[in-house]
Amino acid sequence: MIVLNSENSSLLFTINNGQLSIAHWGSPLYPGEDIASLVTATTPPISHSNFNEVMGRDVMRQHSRGFLGHPTISGHRSGKNWSPHFLLASHSQQGETLTANFVDTDSKLSLTQRYELNSYGILTISSTLCNDGTEDYNLDEFLYWLPLADRATQTMDFTGRWSHERHPQRHEIHFGLTTREVREGRSSHDYTIAQLAMTGNANFATGEIWSLSVKFSGNSIHHIERTSDGYKSIGAGELLMPGEITIAPGESFAISPVVANYSAEGIDGLSHNFHSWQRSRPTHPTNIRPRPATLNMWEAVYFNHDAEKIKALVDVAAEIGIERVVLDDGWFHLRRKDNAGLGDWVIDPTVWPNGFSDLISYINSKGIEFGLWFEGEMVNPDSDLYRAHPEWMLQEGDRDMPLFRNQLVLDLTHEGAYNHVLEQVSAVLSANNIAYIKWDHNRVLIDAGHLGQAAIHNQTLAIYRLFDELKRRHPGLEIESCASGGARIDLGMVEHADRFWTSDNNDALERQTIQRWTSLAIAPELLGTHVGPTVGHQTGKTTSLSFRAINALFGHAGVEWDITETTPAERAVLKSWLSLYKAKRAMLHSGKSVRIDHPDTTAFVYGVISEDKSEALIAYMQHLMPSANYGANILVPGLDDSTRYRVSIVREVGAPRYLQIGDILWGDGVEMSGKALAHVGLKPPSLAPENGILISIIKA
Ligand code: GLA
């Protein structure tokens with residue numbers, strides 16, 4: 001028996017008849033537990049019409065062992081060796097990492113699998129499959145499976161589309177498979193950033209949650225399965241296209257890993273594990289420097305690049321306290337609209353006759369950094385690159401590829417294509433003082449073939465390699481991963497990018513749901529959250545500035561708005577909001593994110609509590625018309641019960657529109673204990689829809 005432990009979870013393996021099985025995944029085991037007795041206590045009887053022995057919950061779910069649910073591995077050699085029969089050959093444990101070696105002597109395959117449980121309760125599982133035979137082996141599918149406790153009765157996953165990412169769907173776990181698949185060749189707007197299984201009572205603060213996520217940015221599969229024996233499991237892995245992976249004799253293939261997580265403290269507990277793990281990495285951006293307040297100029301200028309207009313934006317940016325400005329799409333060869341230029345990463349002299357040197361000097365002279373947009377995996381047919389190398393596109397056979405936003409996909413698995421984009425981008429970065437790039441990906445990968453074989457797996461590895469190489473060549477460079485907004489946000493890309501563009505939808509009300517659920521698995525400081533224009537460009541709705549400002553505070557904050565059109569009063573709010581962001585970002589980007597279960601569904605309550613519980617910032621966001629004259633009390637659990645806190649409304653984000661006469665009595669300050677905040681709470685003001693308040697809670 002083997003046990004891997006972290007403070008908040010345990011994984012118990014047993015070995016029987018040459019199989020490695022998982023007897024428990026979830027709450028931490030008591031250190032002195034008699035593991036053998038525990039296994040005896042949970043072993044089912046032999047039932048009628050069944051095998052002569054009880055089959056365990058094997059890691060390798062195999063037909064040959066009598067497992068009748070969805071298998072771990074599917075593959076063959078031209079129709080032969082279709083039924084794998086892996087046996088555990090050896091294993092070793094080092095700390096909280098188990099390495100297991102399996103061999104299938106009939107199929108001539110061997111597999112090494114690693115289970116690595118870190119101190120935050122994050123379990124990473126990875127595998128390498130080796131072809132020990134003399135003929136090619138075609139791997140069709142490899143999924144990782146973990147057992148779920150019987151009390152996990154519900155599942156939750158996330159769906160979406162452009163400008164509408166990560167909307168939750170929660171339902172009962174039924175017999176059979178519940179499946180989410182992505183075939184876009186990028187993680188997708190519709191990607192379930194984590195598949196959850198949960199106890200029926202689970203909510204943000206309570207209940208148990210088990211989650212599994214593919215740690216890869218290409219195609220994916222997530223399953224929940226309940227087989228007729230009653231067992232429930234969660235499974236995930238990369239979705240492979242037919243014939244995509246062929247392993248030659250003597251070669252091995254690194255299967256894309258998955259990340260599992262468990263929380264006994266509700267959904268927020270799960271997020272806390274994810275965020276703590278990400279923050280523990282030396283490369284995590286906030287371990288290098290605070291996240292600069294950003295102005296992205298896309299919604300201010302779109303393709304109309306004009307140096308004078310951009311300088312005017314920079315002037316206002318400097319006035320309000322912006323620390324980084326980003327020039328978006330439209331700066332390179334031929335790129336006056338979205339039908340030309342992708343592929344030619346050279347500055348267009350018709351728009352920028354002197355290159356960027358004047359502009360960047362102007363920006364830097366105001367103490368602001370400069371960032372630039374690329375979309376290096378994409379090509380417009382109207383580009384010099386396409387004219388010179390039409391053979392560098394991902395495609396299947398000779399048929400015409402359908403255009404998507406007028407573009408095709410560059411085959412990064414082709415050495416020449418890879419080097420072209422690497423060298424062109426690198427040359428722009430070497431010649432200019434560029435701190436940051438926003439890297440877009442605005443097309444799905446369909447028929448994405450390389451020399452007659454599906455190439456999504458290799459294309460995904462190539463973009464990781466390219467990002468890593470750009471960072472190696474340009475130390476300090478930050479990369480934002482964008483894909484028509486949030487279509488490439490996943491636990492694979494988090495190891496290569498420093499920021500994600502959460503969604504193209506900048507409407508603050510829409511962002512409430514998108515940000516709430518993207519931050520389920522991604523630390524908020526990695527998510528771009530910008531104050532958009534008064535009238536949202538995506539929804540055409542008018543939203544108050546304070547609501548937009550509070551919404552954008554909880555992430556890597558910025559502005560995406562033609563701020564030259566703002567009134568002096570709006571600039572004053574943006575300025576005080578940005579000073580607040582700078583004063584509080586260390587706390588916001590290190591504390592515990594909480595989404596507070598609130599009885600009134602017309603409002604969201606959420607925020608951040610500092611690690612030492614001395615401080616919190618809580619947003620009360622009224623989405624719809626309040627359902628009653630007096631809103632439900634805002635409870636803030638998670639502070640220190642016996643500490644007294646000073647509680648007040650933060651005015652730096654601007655004033656909301658109230659549905660009340662006068663201010664709420666506690667607005668300018670009241671003192672309460674942590675216990676009272678958790679159990680009695682604060683009466684919210686009565687707010688008009690799409691208005692909110694920011695509440696400061698500081699140790700008195
Ligand atoms: C995508 C991005 C936007 C912007 C445009 C530019 O849609 O998500 O933020 O960069 O491309 O074309």
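Scroll up to find the structure.
Cut-offs applied
Residues numbered from 1 in each chain as written. Predicted model: local features only at pLDDT ≥ 70, side-chain atom pairs only at ≥ 80, totals over all residues. Heavy atoms only, no water. Helix = DSSP H or I, 4+ residues; strand = E, 2+ residues; numbered from the N terminus. Rg over C-alpha atoms; globule rule 2.2 N^0.38 Å. Buried < 20%, exposed > 50% of the residue type's maximum accessible area, 1.4 Å probe, protein only. Contact = heavy atoms within 4.5 Å. Areas by Shrake-Rupley, 256 points an atom, 1.4 Å probe, with all protein chains shown as cover. Lys, Arg positive; Asp, Glu negative; His and termini not counted. Charge placed at Lys NZ, Arg CZ, Asp CG, Glu CD. Pairing = 2+ DSSP bridges. Axes fitted to C-alpha atoms, helices over the stretch in contact; angles between N-to-C directions. Near = heavy atom within 4 Å. Polar contact = N/O pair within 3.5 Å; in protein donor to acceptor, adjacent residues only side chain to side chain. Nonpolar A, V, L, I, M, F, W, Y, C, P; charged D, E, K, R; others polar. Expected span 1.5 Å × (residues − 1). Core = buried A, V, L, I, M, F, W, Y, C linked by side-chain atoms within 4.5 Å. Parallel < 35°, antiparallel > 145°, perpendicular 65-115°, else oblique. Left-handed = near helix turned anticlockwise from the far one by under 90°. Phe/Tyr/Trp six-rings, centres within 6.5 Å; stacked < 30°, edge-to-face > 60°. Lys NZ or Arg CZ within 6 Å of the ring centre and 35° of its normal. Salt bridge = Lys/Arg side-chain N within 4 Å of Asp/Glu carboxyl O.

1. So, the overall build of the protein
Here is step 1 of the chain: Helix and strand content of the protein: 12 helices and 37 strands.
Here is step 2 of the chain: Expected size for 700 residues packed as a compact globule is a radius of gyration near 27 Å; at 27 Å, the protein falls within 12% of this value.
Here is step 3 of the chain: Referenced to the eigenvectors of the C-alpha coordinate spread, the extents of the protein come out at roughly 80 × 70 × 40 Å.
Here is step 4 of the chain: With 700 residues in all, the protein has 60% of them scored as buried.
Here is step 5 of the chain: Here the contacts in the protein between residues at least 6 apart in sequence split such that 70% fall between residues at least 24 apart.
Here is step 6 of the chain: Accessible surface for the protein amounts to roughly 26100 Å². Of this, 52% is attributable to carbon and sulfur atoms.
Here is step 7 of the chain: Counting 58 positive and 82 negative side-chain charges, the protein places the centres of these two groups 5 Å from one another.

2. Topic: the sheet that holds strand S4 (residues 73-76)
Here is step 1 of the chain: In spatial order, the strands read S4-S9-S18; together these three strands make up an open sheet with antiparallel pairing. In this open sheet, the two edge strands, each paired with only one partner strand, are S4 and strand S18 (245-247). Across the sheet, the mean angle separating the axes of adjacent strands is 35 degrees when strand polarity is ignored.
Here is step 2 of the chain: Here S4 runs beside strand S9 (residues 137-142); their pairing, made up of four bridges, is antiparallel. Its bridge partner being in S9, Gly75 is matched across the sheet by Leu139.

3. A few points about the site of the ligand
Here is step 1 of the chain: Taken together, 13 residues surround the ligand, and among them Asp328, Asp329, Arg405, Lys438 and Asp504 come closest.
Here is step 2 of the chain: Asn442 is positioned such that a nitrogen or oxygen atom in its side chain is 3.3 Å from an oxygen atom of the ligand.
Here is step 3 of the chain: Contact distances for the ligand include 2.9 Å between an oxygen atom and a backbone N or O atom of Gly485.
Here is step 4 of the chain: Across the complex, the protein chains shield 96% of the 300 Å² of accessible surface that the ligand would expose by itself.
Here is step 5 of the chain: Split into classes, the residues belonging to the shell around the ligand amount to four nonpolar, three polar and six charged.

4. A closer look at helix H11 (residues 568-588)
Side chains of residues three or four places apart in an α-helix project in the same direction, reflecting 3.6 residues per turn.
Here is step 1 of the chain: When the terminal C-alpha atoms of H11 are compared, their 28 Å separation across 21 residues agrees well with the 30 Å that a helix rising 1.5 Å per residue should span.
Here is step 2 of the chain: Within H11, the full set of buried residues consists of Glu570, Arg571, Val573, Leu574, Trp577, Leu578, Leu580, Tyr581, Lys584, Arg585, Met587 and Leu588.

5. Observations concerning the side chain of Ser256
Here is step 1 of the chain: Looking at the secondary structure, you find Ser256 in strand S19 (residues 252-263).
Here is step 2 of the chain: Within the structure, Ser256 has its side chain in polar contact with the side chain of Glu238 (distance 2.8 Å).
Here is step 3 of the chain: In contact with Ser256, other than residues within four places in its own chain, are Tyr144, Phe216, Glu238 and His457.

6. Here's the deal with the pairing of strand S8 (residues 123-131)
Here is step 1 of the chain: Of all nine residues that make up S8, seven are buried, and the element is covered over most of its length.
Here is step 2 of the chain: Relative to S8, strand S7 (residues 109-117) is paired through nine bridges, and the arrangement is antiparallel. Each residue of the ladder has a partner; that of Thr112, found in S8, is Thr128.
Here is step 3 of the chain: Once S7 ends, the chain turns through five residues before running back antiparallel as S8, passing Gly121 with a positive phi of about 90 degrees.
Here is step 4 of the chain: Bridge count between S8 and S19: seven bridges; the pairing is antiparallel. Residue pairing for S19: Ser127 is matched across the bridge by Ile255.

7. Concerning the nonpolar core
Here is step 1 of the chain: Trp331, Trp439 and Trp577 are the most contacted members of the largest nonpolar core, which totals 175 residues.
Here is step 2 of the chain: It is H11 that contributes the most residues to this core, eight residues altogether.
Here is step 3 of the chain: Residues contacting Trp577, with those up to four places away along its chain left out, are Val531, Ala549, Ala552, Leu553, Ala557, Gly558, Val559, Glu652 and Val653.
Here is step 4 of the chain: If you look at the next biggest cluster of nonpolar residues, it comprises 23 residues, including Val636, Val647, Ile649 and Ile693.

8. Some remarks on the packing of helix H10 (residues 545-553) against H11
Here is step 1 of the chain: Axis separation between H10 and H11 bottoms out at 10 Å; the angle between their running directions is 20 degrees. By the angle between their directions, the pair H10 and H11 is classed as roughly parallel. Crossing of H10 over H11 shows right-handed handedness. For the pair H10 and H11, contact is made by Leu545, Ala549, Ala552 and Leu553 and by Glu570, Val573, Leu574, Trp577, Leu580, Tyr581 and Leu588, respectively.
Here is step 2 of the chain: Across the contact of H10 with H11, the residue classes tally to 10 nonpolar, no polar and one charged.

9. Considering the packing of aromatic side chains
Here is step 1 of the chain: By the definition in use, this model includes 21 aromatic pairs.
Here is step 2 of the chain: An angle of 25 degrees between the planes, with centres 6.3 Å apart, marks the rings of Phe374 and Trp439 as stacked. With Phe374 in strand S22 (residues 369-374) and Trp439 in strand S25 (residues 436-439), this residue pair connects regions lying 65 residues apart in the sequence. Of the two residues examined, Phe374 and Trp439, each falls in the buried class.
Here is step 3 of the chain: Taken together, the ring pairs connect Trp331, Phe332, Trp345, Trp352, Phe356, Phe370, Trp373, Phe374, Trp439 and Phe467 into an aromatic cluster.
Here is step 4 of the chain: Over the aromatic face of Tyr362 sits the side chain of Lys311, whose NZ or CZ is 5.2 Å from the ring centroid.
Here is step 5 of the chain: Residue placement shows Arg516 over the ring face of Phe604; its charged tip is 3.6 Å from the ring centre.

10. Description of the packing of helix H4 (residues 307-320) against H11
Here is step 1 of the chain: Contact geometry of H4 with H11 gives a least axis separation of 8 Å together with a crossing angle of 55 degrees. It follows from the interaxial angle that H4 and H11 lie oblique. For the pair formed by H4 and H11, the contact residues are Val316, Glu319 and Ile320 on the first element and Arg571, Leu574, Lys575 and Leu578 on the second.
Here is step 2 of the chain: Residue composition of the contact of H4 with H11, by class: four nonpolar, no polar and three charged.

11. Topic: the pattern of salt bridges
Here is step 1 of the chain: The full count for this structure, using the stated rule, is 39 salt bridges.
Here is step 2 of the chain: In this structure, the salt-bridge partner of Arg65 is Asp58, at a minimum N-O distance of 3.4 Å. Across the pair, exposure class does not vary: Arg65 and Asp58 are buried alike.
Here is step 3 of the chain: Taking the shortest distance from any N to any O, the salt bridge between Arg324 and Glu369 comes out at 3.0 Å. In this pair, Arg324 sits in strand S21 (residues 324-327) while Glu369 sits in strand S22, placing the two residues 45 residues apart along the sequence.
Here is step 4 of the chain: Exposure remark for Arg324: the relative accessible area of 0% places this residue in the buried category.
Here is step 5 of the chain: Taken together, the shared-partner salt bridges connect Arg289, Arg291, Arg324, Glu369 and Glu478 into one network.

12. Considering the environment of Leu617
Here is step 1 of the chain: Structurally, Leu617 can be placed in strand S34 (residues 615-622).
Here is step 2 of the chain: Note on Leu617: relative accessible area 1%, which makes it buried.
Here is step 3 of the chain: Separated by 47 residues in the primary sequence, Leu617 and Glu570 have C-alpha atoms spaced 22 Å apart.
Here is step 4 of the chain: In this structure Leu617 touches Leu553, Phe554, Lys584, Met587, Leu588, Tyr606, Gly607, Val608, Val650, Leu694, Ile695 and Ser696, once residues within four positions along its chain are discounted.

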